[in-house]
Each structure stands twice: as structure tokens, then as C-alpha cells.
Amino acid sequence: MPYVLLIVINAVFVNNFVLSRFLGICPFLGVSKKTETALGMGLAVIFVMGVASVITYAINLALVAFGMEYLQTIVFILVIAALIQLVEIFVKRFSPSLYSALGVYLPLITTNCAVLGVAIMNVTELSEVNVLYAFVNGVASGIGFTIAILILAGIREKMETADIPAAFKGFPITLLAASVIAMSFAAFSGLSF
Amino acid sequence: MNKQKFLETLEPLTKGVFKNNATFRLVLGTCPTLAVTTAAVNGLSMGLATMFVLVCSNAIISMLRNFIPRKVRIPAYILVIATFSTLVEMIMRKFLPDMYETLGLFLSLVVVNCILLARAESFASLNPVLPSVMDGLGIGLGFTFSLTLLGLVREFLGTGSFFGIRIEPLIEAGLPMTIFVLPAGGFMVYGFMMVIFNVVVKSIENAVGRRKSCSSESVGAEEEIIDEDKLSDTENDNMETLKAEIVHASTIEGGKE
């Protein structure tokens with residue numbers, strides 16, 4: 001149990017996926033114009049990362065058993081792409097309201113490196129691995145992503161009305177805002193275990 | 001091959017380095033851009049690795065463009081890209097084990113680099129092999145150039161060295177600011193570089209005039225004619241167009257179920 005807590009704090013704050021590991025920067029910059037869309041994206045990421053962690057963990061066991069670890073990248077990305085497609089079909093069929101909330105964001109996650117990143121990290125970086133830890137790591141990393149994107153979206157909404165020099169408009173000012181957020185998250189590195 | 005034709009062949013290449021610069025203009029592939037550029041050498045090798053995958057996957061996808069069914073094209077592209085990125089990973093592990101350790105996770109993550117999928121979707125799947133290879137080279141070179149530049153600046157400001165060579169007087173004078181090799185500094189340097197790049201490209205474009213924007217592309221695949229007054233908006237749009245494309249593709253796939 002303490003190890004689970006350690007994974008959660010580590011993934012959410014200390015090694016935040018976006019702000020210290022630089023995974024999932026594309027959606028972080030691209031889908032953070034409004035807080036609602038940012039939240040939708042975040043929830044979709046939490047969901048997919050949790051499920052993908054469990055499935056890729058199981059598949060990795062099979063790969064190791066057959067001595068085919070070199071296929072990891074190919075198999076993982078195909079599984080994730082297929083999984084997202086499946087999740088989309090299921091959600092569409094059984095929960096139209098959830099689909100209308102998450103629907104648009106699900107396909108985007110295929111090219112979100114955070115999902116593949118967590119899948120690979122689960123099998124290479126966690127010191128003790130089992131299904132539970134992999135799942136917790138996936139979900140907690142997703143939560144870290146959601147927190148970061150929500151903070152950025154909040155800042156960007158405020159900046160809409162601000163008077164920004166022309167050359168800074170758009171991505172540059174967003175990156176600078178992200179820099180400030182990353183600076184504040186760097187304080188958590190004092191917690192490192 | 002006459003001169004006109006030669007210039008036409010080279011066009012995607014020069015476009016890829018400046019006008020469509022992946023890092024500063026299209027804002028694609030930001031994860032490796034920020035993560036590995038703590039030193040110039042890392043940026044250079046990441047750029048070269050990505051360029052190799054990009055050229056190969058563009059070539060293959062362009063060859064197969066008439067055989068891949070529209071509905072399953074995204075998974076097909078991903079499969080081609082994943083093959084080459086695994087290849088790069090293996091080659092690196094064998095011949096450059098130190099670099100393999102440094103780049104680590106991000107070498108595997110070349111496969112989800114959105115530059116690759118974006119070029120496959122918006123260029124290679126619509127154009128013949130030679131222009132696609134040229135486009136791959138151009139975008140790849142642009143990416144390598146930007147990554148090396150970012151790495152150079154961050155390394156210089158953060159550790160006071162130049163391509164791994166320590167500049168002692170600077171280090172003794174206390175110039176190195178560790179923040180520049182930390183994540184926060186990465187975002188900051190990237191932001192400022194983008195501003196500089198935008199200003200420079202804009203002034204060059206103004207000097208050249210609107211002559212270039214009049215010459216139409218061989219295929220109407222690219223819609224990246226930069227409206228100079230709405231520079232940053234166009235960047236946003238490029239990204240959103242790409243995302244919309246992917247969403248669209250997947251909804252077509254999903255809808256058939």
C-alpha cells in the first residue's frame with residue numbers, strides 16, 4: 001500500500017508527465033484553449049491510460065515469455081490504437097452522453113505520446129511491477145496530465161483579453177506560461193524519493 | 001533534367017526547413033523537442049533519428065498510397081512508422097549505446113511523433129515518391145536544425161559548454177544557470193526562440209514579397225500559405241487542421257462498425 005501512494009505522488013506531482021517528463025506536450029498546447037475542452041481531454045487521457053496500462057502490461061508478459069521484447073514499440077502502439085478505437089465504439093453504444101463529452105478527444109489520444117510513454121515506463125521503470133501498480137501508475141499519470149492542462153487552460157482563458165505583443169501571440173506566450181507552471185512544479189522535486 | 005525541374009524538385013526541401021519548419025512554425029513533435037534538448041549533441045542525434053524515420057516512412061507510404069484503403073490508413077501509417085522507429089532503436093542500441101541511454105524513452109516515442117503522421121497524411125499520401133522523400137528530408141533537416149539550435153542555447157546557458165566542450169572562463173564567472181537545463185527553462189527557451197524565428201521569417205517574407213505565395217503547389221495538399229498578419233493564428237489552425245483530419249479519419253473508420 002505505501003508503494004501505491006508513492007507511485008501516485010510521484011506521478012502526479014514530482015515527475016509530472018507534462019511538466020517534468022515532457023510527455024503529451026502536443027495536446028497540452030493544442031487542446032488547452034478552454035477549461036471545458038481541457039477537462040474533457042484530461043478525463044479521456046486518464047481513462048485510456050488506466051486501461052492501456054493494464055492491457056500493455058499483460059501483453060508485455062506474453063512478449064517476454066516468447067523472448068520478443070524488441071517488438072514492444074510496434075505491438076504497444078498497435079494495441080493502443082486498436083484499444084482507443086474499441087473504447088470509442090463501446091462508449092458510443094452504451095453511453096451516448098459520455099461519448100458526446102469525450103468522443104472528440106478519444107482519437108486524438110492515439111498520437112498522444114503520454115499513453116505509449118506510460119505503457120513503456122510501466123515495464124521498464126517501475127521498481128516493482130504487478131497489474132495493480134501498472135494500473136495505478138497509468139491513472140495517476142493521467143491525473144497529473146489533467147492537472148497540468150487545466151492550469152494552463154485557466155491561464156490561457158485569462159490571457160485571451162490581455163494585451164500581448166504581436167510576436168508573442170499564440171504559442172510563444174503559451175510556452176512561457178507553461179514555463180512558469182513548470183517552475184512551480186519544480187519545487188516538488190524536493191520530495192523526490 | 002532542366003533547371004526549372006530541378007528547382008521544383010528541391011522546393012519541398014527548402015520549404016521544410018524554413019516556411020514549414022516543424023518546430024517553430026507547425027509546432028509539431030514538441031515532446032522530443034523539449035525533452036532531449038538539454039545538450040546540442042542530444043538534439044542533433046534525435047533530429048537525425050527522426051529524419052531517417054521520416055524519409056523512409058514517407059517513401060514507403062508514398063509508394064503504397066494507391067494500395068492503402070482510405071479507412072485504415074492511419075493504422076497503416078503507424079505500422080510503417082513503427083517499423084522504422086524500431087529499426088533506429090536497434091541500430092542506436094548496437095552502435096551508439098551511450099546516446100541510446102541518454103535519449104532513452106524518447107527514442108521509442110519517435111513512433112508517436114506527430115510530425116511523422118502529419119507528413120504522411122498531408123504530403124506523402126498524396127504525392128509521388130521523389131517529392132515525398134524531398135519533403136521528408138526538408139522537414140527532417142528543419143527539425144534537426146531547430147533541435148540542435150535549442151540544444152545549443154540551453155547547453156550554453158545551462159552548463160556553460162558548447163557541444164560538450166566546457167568553456168572554463170564562463171563557468172568560473174558563474175554564468176551557467178541550471179534552470180535552462182530543467183523543464184522550465186526548456187519551455188522558456190522554446191517560447192523565445194519561436195518569437196525570434198517568427199520575427200526573422202516574417203521580415204524575410206516581407207522582403208521577398210508576395211511573389212512566393214502566388215506560385216501554387218503541384219498538388220493542393222498543403223494549405224499552409226501564411227497570412228502574414230495572422231501569423232500565430234495560422235499556426236494554431238495548422239495544428240487544429242491536423243487534429244481535425246485525424247478525428248475525421250477515425251470517425252470514418254468507427255462509423256463503419
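In this numbering scheme, every chain counts its residues from 1 along its sequence in written order. Chains and ligands are labelled by the order in which they are written, letters from A for the one and numbers from 1 for the other. Given that the model is predicted, a residue must reach a pLDDT of at least 70 before its local features are reported, and side-chain atom pairs must reach 80 or more before they are shown or counted; all residues, however, enter totals for whole chains, interfaces and linings. Only hydrogens and water are set aside when side-chain values are computed; all heavy atoms of the structure are taken into account.

1. Focus on the overall build of chain B
Line of reasoning, step 1. Put simply, DSSP H or I for four residues or longer makes a helix, DSSP E for two residues or longer makes a strand, and each gets a number counted from the N terminus. From N to C terminus, chain B includes 12 helices and two strands.
Line of reasoning, step 2. Listed N to C, the secondary structure of chain B is α-α-α-α-α-α-α-α-β-β-α-α-α-α in terms of helices and strands.
Line of reasoning, step 3. We call a residue buried when its accessible area falls under 20% of the maximum for its residue type, exposed when it is over 50%, and partly exposed in between, using a 1.4 Å probe and counting protein chains only. For chain B, the residues scored as buried account for 54% of the 257 residues in total.
Line of reasoning, step 4. Partitioning the contacts of chain B with sequence separation of at least 6, the portion at a separation of at least 24 is 75%.
Line of reasoning, step 5. Carbon and sulfur atoms make up 67% of the accessible area of chain B, which totals about 11,700 Å². Note on definitions: a residue-residue contact is assigned when non-hydrogen atoms from the two residues lie within 4.5 Å. Residue exposure ignores everything except the shown protein chains as possible cover, and the areas themselves are Shrake-Rupley values with a 1.4 Å probe.

2. Some remarks on the nonpolar core
Line of reasoning, step 1. If you look at the biggest cluster of nonpolar residues, it comprises 112 residues, and the most contacted ones within it are L19, L23, F28, I109 and L116 of chain A together with F187 of chain B.
Line of reasoning, step 2. A total of 10 residues in this core trace back to one element, the largest contributor, which is helix 10 (residues 183-208) of chain B.
Line of reasoning, step 3. In terms of nonpolar packing, the next biggest core, distinct from the first, is built from five residues, Y3, V4, Y133 and V136 of chain A among them. In this text, buried Ala, Val, Leu, Ile, Met, Phe, Trp, Tyr and Cys residues form a nonpolar core when linked through side-chain atoms within 4.5 Å.

3. What about helix 7 (residues 114-124) of chain B?
All names here are of chain B.
Line of reasoning, step 1. Extensive coverage of helix 7 is indicated by the burial of 10 of its 11 residues.
Line of reasoning, step 2. Taken residue by residue, helix 7 has C114, I115, L116, L117, A118, R119, A120, E121, F123 and A124 as its buried positions.
Line of reasoning, step 3. The residue sitting at the N-terminus of helix 7 and contributing the capping side-chain oxygen is N113; that oxygen lies 3.1 Å from the backbone nitrogen of I115. Polar contact is the term for a pair of N or O atoms within 3.5 Å; when the atoms are in protein, one must be able to donate a hydrogen and the other to accept it, and sequence-neighboring residues count only if both atoms are side-chain atoms.

4. A few points about unusual backbone geometry
Residue and element names in this part refer to chain A.
Line of reasoning, step 1. Positive phi is not limited to glycine here, since F22 has a value of about 60°.
Line of reasoning, step 2. Inspection of the secondary structure puts F22 in the loop between helix 1 (2-14) and helix 2 (25-30).
Line of reasoning, step 3. Assessed through its relative accessible area of 5%, F22 is described here as buried.

5. What about the packing of helix 3 (residues 35-65) of chain A against helix 4 (residues 72-94) of chain A?
All names here are of chain A.
Line of reasoning, step 1. Two numbers describe how helix 3 lies on helix 4: the axes approach to 10 Å, and their chain directions differ by 140°. On the basis of their axis angle, the class for helix 3 and helix 4 is oblique. The handedness of the crossing between helix 3 and helix 4 comes out as right-handed. Two secondary-structure elements touch here, helix 3 through F47, V48, V51, A52, I55, T56, I59, N60 and L63 and helix 4 through Q72, V75, F76, V79, I80, L83, I84 and V87.
Line of reasoning, step 2. Under the grouping applied here, Gly and all other residues not named as nonpolar or charged are polar, the nonpolar ones being Ala, Val, Leu, Ile, Met, Phe, Trp, Tyr, Cys and Pro and the charged ones Asp, Glu, Lys and Arg. Tallied by class, the residues present in the contact of helix 3 with helix 4 amount to 14 nonpolar, three polar and no charged. With axes taken as lines fitted to C-alpha atoms, and helix axes fitted only over the stretch in contact, angles between N-to-C directions fall between 0 and 180 degrees. Should an angle fall under 35 degrees it is called roughly parallel, over 145 degrees roughly antiparallel, and 65 to 115 degrees roughly perpendicular, with every other angle called oblique. Handedness of each helix crossing follows the sense of rotation of the near helix against the far helix: counterclockwise by less than a right angle gives left-handed, clockwise gives right-handed.

6. With respect to a nonpolar patch on the surface
Residues and elements named next belong to chain B.
Line of reasoning, step 1. What makes a patch is a set of residues exposed beyond 30% relative accessible area and free of salt bridges, joined within 9 Å when like-charged and within 5 Å when nonpolar (Val, Leu, Ile, Met, Phe, Trp, Tyr). We define a salt bridge as a side-chain nitrogen of Lys or Arg found within 4 Å of a carboxyl oxygen belonging to Asp or Glu. A surface patch of nonpolar side chains, amounting to about 490 Å² of accessible area, comprises V41, L44, L48, F162, F163 and I165.
Line of reasoning, step 2. Here the element with the most residues in the nonpolar patch is helix 3 (residues 40-63); it accounts for three residues.
Line of reasoning, step 3. Within the element layout of this structure, F162 appears in strand 1 (residues 161-162).

7. Quick word on the confidence of the model for chain B
Residues and elements named next belong to chain B.
Line of reasoning, step 1. The score called pLDDT rates the predictor's confidence residue by residue, from a low of 0 to a high of 100. Here chain B shows a mean pLDDT of 76. Residues at 70 or above account for 81%.
Line of reasoning, step 2. Highest mean pLDDT in chain B belongs to helix 3 (90); lowest belongs to helix 12 (residues 231-255) (46).
Line of reasoning, step 3. Contacts for the low-pLDDT stretch residues 215-239, under 50 throughout, to residues beyond four places or in other chains number 48 contacts.

8. Some thoughts on the pattern of salt bridges
Residue and element names in this part refer to chain B.
Line of reasoning, step 1. By the definition in use, this model includes two salt bridges over all chains.
Line of reasoning, step 2. Of the charged contacts, one joins R73 and E121 as a salt bridge, the two residues approaching to 2.9 Å between their closest N and O atoms. Here E121 lies in helix 7 and R73 lies in helix 4 (residues 73-95), a separation of 48 residues in the sequence. With respect to class, R73 is no different from E121; both count as buried.
Line of reasoning, step 3. Note that D135 is salt-bridged to R119, the shortest N-O span being 3.1 Å. Note that D135 is positioned in helix 8 (residues 129-159) and R119 in helix 7, a separation of 16 residues in sequence. R119 shares its class with D135; the two are buried.

9. Concerning the interface of chain B and chain A
Line of reasoning, step 1. Facing the 47 residues of chain B at the interface are 45 residues of chain A.
Line of reasoning, step 2. Taken together, both faces of the contact between chain B and chain A bury some 4,100 Å²; the carbon and sulfur share is 79%.
Line of reasoning, step 3. Along the contact surface separating chain B from chain A lie zero salt bridges.
Line of reasoning, step 4. Remark: the boundary between chain B and chain A carries two residue pairs in polar contact (both at pLDDT 80 or more).
Line of reasoning, step 5. Mapped by element, the contributors of at least two residues to the side of chain B that touches chain A are helix 2 (30-35), helix 4, helix 6 (105-108), helix 7, helix 10 and helix 12 of chain B.
Line of reasoning, step 6. Looking at which element gives the most residues to the side of chain B that touches chain A, the answer is helix 12 of chain B, with 12 residues.
Line of reasoning, step 7. A breakdown of the residues in the side of chain B that touches chain A according to their chemical character gives 28 nonpolar, 13 polar and six charged. A quick way to say it: buried area is the sum, across both parts, of accessible area lost when two parts are put together, with a 1.4 Å probe.

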